[in-house]
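Here is what each chain is made of, one letter per residue.
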Amino acid sequence: MFVFPPPPRYPATNAYGAGNPGAPIPIIETNNTIKTPTGPEFQFSVGEGTYVLREDIHLATPPPHPSEAPIINPNPLSTAPHLIVAGTKLSLVQFKDRETQPNIYRNPVVSSSRVTQDGDESRISGDTDEDSSVGRGGSGSLGSKSGGDIGHVPEKFGNGNASLSVPSTGKNQKKKPKSNIAKSNSSFVSRIITHENLTKRLAERQSEDLMVFANINRAFCWLDMDSAIKQEPLSKILFTKAHPICHDVNMLTRSASQIDVIIGFSTGDIIWFDPISNKYARINKNGIINPHAVTDIKWLPGSETLFLAAHNDGSLIVYDREKEDASFFPEDAPDCSVHTNTANGASLMSFFGVRKSVRSSNQKTNPLSYWSVAKGAITAFAFSPDCEHIAVVSEDECLRVLNFVKEKLLDVYPSYYGGLMCVCWSPDGRYIVTGGQDDLVSIWSFPERRIVARCEGHHSWVSSVAFDPWRCDDRTYRFGSVGNDCRLLLWDFSEGMLHKPKVPTQKQRGSVSRAENQGLRYRSDSNVAVVPTVHDEKTMVHAVDPRALTAVLPPVMSKIIDPCPLTQLVFREDSVITTCVDGHLKTWNRPQAVMRNGSQVTLSAAGSQDRG
């Protein structure tokens, strides 16, 4: 039976005056909506209790810009390049964090990884930062300790290079962007819509209130999540043709008078934006340094001015928000000195190289550093809690671990098959979790340099992973994942579960033993493994471990929570937030915890929160 195709979502001709060139172009506006649905389909249960949907904010998708040519009946088999877009991603920030401590933390090593370099705590855990206990609360708020190294002090990026020194502008003086986005005549920005009572809303809000920055299509929204009218954005920027793909808030410079946000676009452009003053600065303008789309972006740990951007060509670039741009020419040749235990290791490594080092004396303009990391597009990266390492995933089917301070590649892990889409670190920095196109979530041990488990439960690509630091302790880890199958999955694991082999390990004929392949040294009087120091090891390209020799972890909860593919998962102390490609921002209340007879009891979250 013949079925007519669905009508276009927005009028493609008369809506923009295309049928009458002399007619004025009308403005089509759409508004965000908020719903508070109830029922068993809007809740899910885990061991600690029931999570209940508090609210569903639907961000309005803006219509195409009049200058955009409408796409009529696109051919799904066409090989022509399309505009790179992304689903809704969030960046969260609070001016002042709540002073309450989560009771779930009993391990000082784990809890210390959440203490920031400026004395505050990161109260948000996202992927990415996507990205872990670091999360989308801002990469500048990274923890300063990792694993069991309590006294570890992270080395500063670019330390010792005098050309990076910036003269002081005065005590407590912070630089702001110069251009006013509301008065800009740039063709890059279409227009900005500010709330009519913006000044009043900012004056009435509390310092602990949560603010959210979210992208949807070509729009960038600023929301106050503790407001009674939270669905009405404080401001919304509409860009002409470029789509914002990723963004991050600097937690070191946040204040009631300034919020430093960086936004990466599909055109390769980057904007440093302060929503309070409406000032902005454009970096990598028209792709002068790298013309490829920015796929992920984060502030460098402990830095007020430096940030790291991943581009669609497999490059990682360090920018300074206060420096001018200049055309980039590689200064250094690729470094391919690597130890590999795979036949294709050399081909993988040929795509890694330091094109410009942070130690270069030429630091007057951007970029400060330029690294060619992957063969394909980088999909996500995440900083480790020790503020020295990066986990990078890409479409060339590899997880790479780098020491970004020393600009050195440490490990390359191939996926089971297909590209990897998301990555995060455990709060203590011992584990890396990835999700990808193989529908699997994989757990990797950072100190042991090996895969320890594969997690089966998704039915499509995994788009976001994040640890829940409020459900992690000295024995058990909790993390979650979302994917294109519209499912939210929660996982619990412990070291005992992961290190127990699925089947007895036997040395195969003509192969390297598992212990040798992992780089572990065994004591002569026991079978206890001594974990090598990662910094002393050579760069390793690892082989794919067979599924029969890798532990399989089932989820503790799996539920379809949205009709559209999910794009991000964020854990907060009192809630869990999920987003999808269609712009739905859903907040789920955690089970309410109360004290009874000196012990903590978890109750259902139903009805425990104000739904207004």
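Predicted, not measured: the structure shown is a model, and the values here were computed from it.

Conventions used here
Residues numbered from 1 in each chain as written. Predicted model: local features only at pLDDT ≥ 70, side-chain atom pairs only at ≥ 80, totals over all residues. Heavy atoms only, no water. Helix = DSSP H or I, 4+ residues; strand = E, 2+ residues; numbered from the N terminus. Buried < 20%, exposed > 50% of the residue type's maximum accessible area, 1.4 Å probe, protein only. Areas by Shrake-Rupley, 256 points an atom, 1.4 Å probe, with all protein chains shown as cover. Core = buried A, V, L, I, M, F, W, Y, C linked by side-chain atoms within 4.5 Å. Contact = heavy atoms within 4.5 Å. Pairing = 2+ DSSP bridges. Salt bridge = Lys/Arg side-chain N within 4 Å of Asp/Glu carboxyl O. Patch = residues over 30% accessible without salt bridge, like charges linked within 9 Å, V, L, I, M, F, W, Y side chains within 5 Å. Axes fitted to C-alpha atoms, helices over the stretch in contact; angles between N-to-C directions. Phe/Tyr/Trp six-rings, centres within 6.5 Å; stacked < 30°, edge-to-face > 60°. pLDDT = per-residue confidence, 0-100.

1. Notes on the overall build of the protein chain
Summing up its helical and strand segments, the protein chain has five helices and 41 strands in all. Relative to its full complement of 612 residues, the protein chain shows a buried share of 55%. Split by element, the accessible area of the protein chain, about 26,300 Å² in all, is 51% carbon and sulfur.

2. Points about the nonpolar core
The biggest cluster of nonpolar side chains holds 27 residues, and the ones touching the most others in it are Leu308, Leu316 and Trp371. Put simply, the parts of the chain that give this core at least two residues each are β16 (306-311), β17 (315-320), β21 (378-383), β22 (389-394), β23 (398-403) and β24 (408-414). When residues no more than four places from it in sequence are discounted, the contact partners of Leu316 are Leu308, Ala309, Ala310, Ser369, Tyr370, Trp371, Val373, Ile378, Phe381 and Val392. Among the nonpolar cores identified, the runner-up in size contains 24 residues, and Phe95, Phe239, Ala242 and Met251 belong to it.

3. Some points on the pairing of β22
Across the six residues that make up β22, a large majority, six, are buried. Here β22 shows a buried face lined by His389, Ala391 and Val393 and a second buried face lined by Ile390, Val392 and Ser394. Two elements, β21 and β22, share five bridges in a ladder whose sense is antiparallel. In the strand pairing of β22, Ala382 is matched with Ala391. Adjacent in sequence and paired antiparallel, β21 and β22 are bridged by five residues, among which Cys387 carries a positive phi angle near 65°. Sheet topology places β22 next to β23; five bridges connect them, and they run antiparallel. Among the inter-strand pairings, Ile390 is bridged to a residue of β23, identified as Leu402.

4. A few points about the pattern of salt bridges
Summed over all chains, the structure comprises 22 salt bridges. A salt bridge links Asp224 to Arg205, with the nearest nitrogen and oxygen atoms 3.8 Å apart. With Asp224 in strand β9 (residues 219-224) and Arg205 in the loop between α2 (198-204) and β8 (211-216), this residue pair connects regions lying 19 residues apart in the sequence. Where Glu495 meets Arg430, a salt bridge forms, and the shortest distance between an N and an O atom there is 3.2 Å. Here the residue Glu495 occupies a position in helix α4 (residues 495-499), and Arg430 occupies one in the loop between β25 (420-425) and β26 (431-436), the gap between them amounting to 65 residues. Judged by relative accessible area, Glu495 falls into the partly exposed class, the value being 33%. Among the ionic contacts, a cluster of salt bridges with common partners joins Glu48, Arg471, Arg478 and Asp492.

5. Side note on a nonpolar patch on the surface
A contiguous nonpolar patch, built from Tyr416, Tyr417 and Val544 and spanning about 270 Å² of accessible area, is present on the exposed surface. Position of Val544 relative to the elements: it lies in the loop between β34 (540-541) and β35 (551-553). For Val544, a relative accessible area of 39% translates into the label partly exposed.

6. Describing the sheet that holds strand β19 (residues 353-356)
Taken together, five strands build an open sheet; the order of strands is β15-β16-β17-β20-β19 and the sheet is antiparallel. Edge strands, defined here as strands with exactly one partner in the open sheet, are β15 (294-299) and β19. Going across the sheet, the axis of each strand differs from the next one's by a mean of 20°, ignoring polarity. One ladder, built from five bridges, connects β15 with β16; its direction is antiparallel.

7. Regarding the sheet that holds strand β27 (residues 440-445)
By way of backbone hydrogen bonds, the strands of a sheet pair with one another, either parallel or antiparallel. Across the sheet, five strands lie side by side as β25-β26-β27-β28-β35; this open sheet has mixed pairing. Every other strand in the sheet has two partners, leaving β25 and β35 as the edge strands with one partner each. Neighbour-to-neighbour, the strand axes of the sheet open up by a mean angle of 25°, direction not taken into account. Across five bridges, the pairing between β26 and β27 is antiparallel. Across the sheet, residue Val433 finds its bridge partner in β27, namely Ile443.

8. Description of the packing of aromatic side chains
In this structure the tally under the stated criterion is 25 aromatic pairs. Between Phe188 and Phe239, the ring centres sit 5.7 Å apart and the planes meet at 65°, which makes this aromatic pair edge-to-face. Within this pair, whereas Phe188 is found in the loop between β6 (179-180) and β7 (189-194), its partner Phe239 is found in strand β10 (residues 235-239), the two being separated by 51 residues in sequence. Ring plane angle 10° and centroid distance 4.9 Å describe the contact between Tyr477 and Phe493, whose orientation is recorded as stacked.

9. Describing the pairing of strand β39 (residues 584-589)
Each regular strand carries side chains that alternate between the two faces of the sheet. Counting buried positions along β39 gives six out of six residues, so the element sits mostly inside the fold. Of the two faces of β39, the one carrying His584, Lys586 and Trp588 and the one carrying Leu585, Thr587 and Asn589 are both buried. Alignment of strand β38 (residues 575-580) against β39, held across five bridges, turns out to be antiparallel. Bridging from a neighbouring strand, Thr579 pairs with Leu585 of β39. Connecting β38 to the next strand, β39, in antiparallel fashion are three residues, including Gly583 with a positive phi near 95°.

10. A few points about the environment of Met211
Tracing the backbone shows Met211 in strand β8. On a C-alpha basis, the gap between Met211 and Asp226 in space is 7.9 Å, while along the polypeptide they are 15 residues apart. In contact with Met211, other than residues within four places in its own chain, are Ser91, Leu92, Val93, Phe95, Leu202, Arg205, Trp222, Leu223, Leu234 and Ile259.

11. Examining unusual backbone geometry
The amide bond that connects Asn366 to the next residue, Pro367, takes the cis arrangement and shows omega of 5°. Its location among the elements puts Pro367 in the loop between β19 and β20 (369-372). Even without a glycine there, the phi angle at Asn217 is positive, about 60°. Structurally, Asn217 is set in the loop between β8 and β9. Its relative accessible area of 27% is what places Asn217 among the partly exposed residues.

12. Description of the confidence of the model for the protein chain
When pLDDT is averaged along the protein chain, the result is 79; 69% of the residues meet or exceed 70. Below a pLDDT of 50 lies the segment residues 504-536, which in the model reaches 39 contacts outside its immediate sequence neighbourhood of four places, other chains included. Contacts of residues 594-599 to residues separated by more than four positions or lying in other chains number seven contacts, the stretch itself having pLDDT below 50.

13. With respect to the environment of His292
As for its placement among the helices and strands, His292 is situated in the loop between β14 (279-283) and β15. Judged by relative accessible area, His292 falls into the partly exposed class, the value being 35%. For the pair formed by His292 and Asn312, sequence separation is 20 residues and the distance between their alpha carbons is 5.4 Å. Each residue touching His292, except ones within four places of it in the same chain, is listed here: Thr267, Gly268, His311, Asn312 and Asp313.

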